[in-house]
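One-letter residues, chain by chain:
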Amino acid sequence: MPKTKQQTSGSGKLITLLIVAAFMALTIILENTMSPSSLLFTVIKKGAVYSLVAVSMNLLNGFTGLFSLGQAGFMLLGAYTYAIFMIPSDVRDSVYYLFNGSSVHFSFQEMFGAIFGTAGFGGAVSLVLGVLVAIICAGIVAAIFAYLIGLPVLRLKSDYLAIATLGFAEIIRAIFQWDKLGPVTNGANMLKNFPTFADFNIKNASGQIVLRLSAFVPVFLSAVCIFIIVLLINSSYGRAFKAIRDDEIAAEAMGVNLAHHKRLSFCISSFFAGVGGALFAMFTTMVQAKVFTSTMTYEILLIVVIGGIGSVSGSCIASLLYIAASEWWLRFLDNETYINGTRVPLLRSGFRMVVFSVIIMIVVLFFRQGIMGSRELPELLRRRPKKQPAVEEVRTHE
Amino acid sequence: MQFFVSQILSGISLGGQYALIAIGYTMVYGILRLINFAHGDVFMCAGVMMVFMSASMPIYASIPLMLVLTVLLGFVIERAAYKPLRTAPRMSVMISAIGVSYLLQNLALYATGGQPQTYPTLPFISNSVTILGAPTHWVTVITPVLVVLLVLALQWLINHTKIGMAMRAVAKDFETSQLMGIKINRVISVTFIIGSFLAAVGSLLYFTNYPTVVPLSGAMPGLKAFVAAVFGGIGSIPGAVIGAFIIGIVETLIKGTSYTVFSDAFTFALLIIILVVKPTGLFGERATDKV
């Protein structure tokens, strides 16, 4: 068993890296050759953001066995942190017009702009640095809240943890809509005008776009974050998480500090959910608390389930498929269609989501393993030629 | 004073409506150890069905038909989505429940076309009445009375009938009761039928106060009713009812102040506090699998 494992991880890592690199290269090429308004790029951007959030949820639900439903709350924290720190100060008054301006009077991009300049290459550097610092801040804020909420909540088990974290997300949502915090959060109104993915398109002096990077950036950022999560899962911490998932009592007996590791997993997962929230804000170009409902968490949970609980590559594939199906492939179901002059029954606005949720129910009921089960992409690629499923079956049950 | 009385009255009424939903949660959790996330959406579907049926038939025909259809919906959900997963891990069943909730919401969205549906005015209970100088509707008065009557009937059913005894046995120990010859699937179906029936009655009362139905209008009352069930001690019907009344009253009082945005947050803060301080709830039985 250890021998085969190591073989897979050696060349498997390479294969996975190649696939990811190829995907990124393809994104750049397609983006600069195809029409930028194609739905494909919406799918790639949103899919990349959702991959990151789904993987962060998988770290908690699939690898540590903590069933948390607070993901939307942490995304909200990340999205708001990013937006608050990145709105340029000259448009702040127009965004916060109901509260007579914001109480935060700077943005990271301008801070770096003061050092590197705002035009040409210096402007690009300050944009990239500003966005990176804001994204990391978004993660840190989410992680701090996760630490605080984790103190009481992580003592709960399974469905009680789920409902408590769900409740926590609702509390956060209410706090951010409170008008007393308006100068910071803009109350229930939306935050906008901060740098988005489209700002990463490289323009020449006359304002024409030379190189489009708006779909590459989210893919790249998510890939880096997911890579860090994978490194964590393969480290000794990751093995401790899996031990907790499989048997808490046995893990404790083997010297795993349960409280410490659960808290660590919860904070790291929330950190990346916060980063995902910041990316989501960049994707939607605005932030509003009412978007981050429990339905969003359910969506992410369903992505994790479809991909296979405990499989990082499964979560990524599933989020791309999920977003592609809901935003693109099934869209024809929403339009009234006429064939030979007769109206096709059932097709009208909303039917897409009905079909889609029926598909999800079929997956949940009959394909409980999801796309990947708990396997990763390289294992799937390697196993085919070998043809020894029976032996593998026995091993996994040991 | 008049304001206070009307606040308390509508709080009690809201609490009663939550109670009717909470009973469904607490009974299902007592037997299957499942948070039936779809229960709030069954409640919403009852409202949507009522809207559509009252448009085409008289109210005296549509109310019984709505009750029957809601019961059928609860029964079908259990058979289709939970029964195949009876031997699966608890989390799979919960995910299935979330999936059903998602499906019901999307179905309602499709059926209503995304437009808020105006709930029909029911005769008598929508009429106005004045209590202690506070104007209100008859539904406010009827709700607590109806809740108490239904709970008493339910308690009688559970404590004095054969199916009630079977329910208590299944809630105590799933496998042993199966060995004793209790038909588990029948008991679970009956539980879902009772829960859906009460949710349907709750929806009649609830939507009379909130005149429109939207696909998401079941989610929040559902979650709050679940909190009420946990607060009162999950598995305990009187506990769920008392918890629901407390949550309903406090929520309405908060809505009367300037902290309206926190009326939902309060419920969940209460949940976290009760889970940390007294995880068995007010009247819950000693259980070791929660914390």
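Bear in mind the structure is a predicted one, so any value in this text is a computation, not a measurement.

Draft legend 1. Looking closely at the overall build of chain A. Scanning chain A for helices and strands turns up 17 helices and six strands. In terms of principal-axis extent, the alpha carbons of chain A reach across some 65 × 65 × 45 Å. Counting every position in chain A, which comprises 398 residues, the buried fraction comes to 51%. Long-range contacts, defined as pairs at least 24 residues apart, comprise 73% of the intrachain contacts of chain A with a sequence gap of at least 6.

Draft legend 2. Here's a closer look at the overall build of chain B. Across its full length, chain B carries 11 helices and four strands. Relative to the compact-globule value of 19 Å for 291 residues, chain B shows a C-alpha radius of gyration of 19 Å, a close match. Here chain B holds 291 residues, and the buried ones make up 57% of them. In the structure as shown, chain B presents an accessible area of about 11,900 Å², 70% of it carried by carbon and sulfur atoms. Here chain B contributes 15 positive and 8 negative side-chain charges, whose respective centroids are spaced 7 Å apart.

Draft legend 3. Examining the interface of chain B and chain A more closely. With 45 residues of chain B at the interface, the matching set in chain A holds 48 residues. For the pair chain B and chain A, the summed buried surface comes to about 4,000 Å²; carbon and sulfur atoms form 76% of the total. A per-residue breakdown of the area chain B buries against chain A is headed by Ile95(B), Tyr102(B) and Tyr110(B), which together make up 20% of the total. Joining chain B to chain A, the criterion identifies three residue pairs in polar contact (both at pLDDT 80 or more). Within the residue set of the side of chain B that touches chain A, elements represented by two or more residues are α3 (59–82), α4 (90–112), α9 (219–232) and α11 (262–277) of chain B. Counting residues per element, the side of chain B that touches chain A draws most heavily on α4(B), which supplies 17 residues. A breakdown of the residues in the side of chain B that touches chain A according to their chemical character gives 35 nonpolar, six polar and four charged.

Draft legend 4. Quick peek at the packing of helix α3 (residues 71–86) of chain A against helix α7 (residues 158–176) of chain A. Residues and elements named next belong to chain A. Close contact between α3 and α7 brings their axes to 8 Å; oriented N to C, the two are set at 30 degrees. When the interaxial angle is binned, α3 and α7 end up roughly parallel. Residue-level contacts link Gly73, Phe74, Leu76, Leu77 and Tyr80 of α3 to Phe168, Ala169, Ile172, Arg173 and Phe176 of α7. Considering only residue class, the contact of α3 with α7 consists of eight nonpolar, one polar and one charged.

Draft legend 5. Layout of the packing of α7(A) against α9(B). For the pair α7(A) and α9(B), the least separation of the axes is 12 Å and the interaxial angle reads 125 degrees. Here α9(B) runs oblique to α7(A), going by the angle between their axes. Pair α7(A) / α9(B) crosses with left-handed handedness. Where α7(A) abuts α9(B), its residues Tyr160(A), Ile163(A), Leu166(A), Glu170(A) and Arg173(A) lie against Met220(B), Leu223(B), Phe226(B) and Val230(B). Residue composition of the contact of α7(A) with α9(B), by class: seven nonpolar, no polar and two charged.

Draft legend 6. Structural view of the nonpolar core. Judged by nonpolar contacts, the single largest core of 214 residues is most densely connected at Leu69(A), Tyr82(A), Phe37(B) and Tyr82(B). Take this core: its biggest share by element is 15 residues, from helix α2 (residues 39–63) of chain A. Setting aside residues no more than four positions away along its own chain, Leu69(A) makes contact with Met57(A), Ala162(A), Thr165(A), Leu166(A), Thr297(A), Tyr298(A), Leu301(A), Phe37(B) and Ile98(B). Within the second largest apolar cluster, five residues are counted, among which are Ile244(A), Ala251(A), Val256(A) and Leu258(A).

Draft legend 7. Representation of the side chain of Asn36(B). Mapped onto the elements, Asn36(B) comes out in the loop between α1 (2–32) and α2 (39–56). Asn36(B) has contacts with Tyr25(B), Val28(B), Tyr82(B), Ala97(B) and Phe192(B), leaving out every residue within four places of it along the chain.

Draft legend 8. Geometry of the confidence of the model for chain B. Across chain B, the average pLDDT comes to 87, with 97% of residues at or above 70. Mean pLDDT across the elements of chain B ranges from a minimum in strand β2 (residues 128–131) of chain B, with 75, to a maximum in α3(B), with 92.

Draft legend 9. Region of the structure containing the pairing of strand β3 (residues 134–137) of chain B. All names here are of chain B. What you see with β3 is a clean split: Ala134 and Thr136 sit on the buried side and Pro135 and His137 on the side with no burial. Where β2 lies against β3, four bridges are found, and the strand directions are antiparallel. Its bridge partner being in β3, isoleucine 131 is matched across the sheet by alanine 134. Linkage of β2 to β3, two consecutive antiparallel strands, is achieved through a turn of two residues, within which leucine 132 is found at a positive phi near 50 degrees.

Draft legend 10. Focus on the pattern of salt bridges. Residue and element names in this part refer to chain A. Under the definition given, this model contains nine salt bridges over all chains. A salt bridge links glutamate 248 to lysine 262, with the shortest nitrogen-to-oxygen separation between them at 3.0 Å. Note that glutamate 248 is positioned in helix α11 (residues 248–253) and lysine 262 in helix α12 (residues 258–284), a separation of 14 residues in sequence. Look at glutamate 248 and you get partly exposed, because its relative accessible area is 23%.

About the criteria used
- Residues numbered from 1 in each chain as written.
- Chains lettered and ligands numbered in written order.
- Predicted model: local features only at pLDDT ≥ 70, side-chain atom pairs only at ≥ 80, totals over all residues.
- Heavy atoms only, no water.
- Helix = DSSP H or I, 4+ residues; strand = E, 2+ residues; numbered from the N terminus.
- Buried < 20%, exposed > 50% of the residue type's maximum accessible area, 1.4 Å probe, protein only.
- Contact = heavy atoms within 4.5 Å.
- Rg over C-alpha atoms; globule rule 2.2 N^0.38 Å.
- Areas by Shrake-Rupley, 256 points an atom, 1.4 Å probe, with all protein chains shown as cover.
- Lys, Arg positive; Asp, Glu negative; His and termini not counted.
- Charge placed at Lys NZ, Arg CZ, Asp CG, Glu CD.
- Buried area = accessible area lost by both parts, 1.4 Å probe.
- Polar contact = N/O pair within 3.5 Å; in protein donor to acceptor, adjacent residues only side chain to side chain.
- Nonpolar A, V, L, I, M, F, W, Y, C, P; charged D, E, K, R; others polar.
- Axes fitted to C-alpha atoms, helices over the stretch in contact; angles between N-to-C directions.
- Parallel < 35°, antiparallel > 145°, perpendicular 65-115°, else oblique.
- Left-handed = near helix turned anticlockwise from the far one by under 90°.
- Core = buried A, V, L, I, M, F, W, Y, C linked by side-chain atoms within 4.5 Å.
- pLDDT = per-residue confidence, 0-100.
- Pairing = 2+ DSSP bridges.
- Salt bridge = Lys/Arg side-chain N within 4 Å of Asp/Glu carboxyl O.

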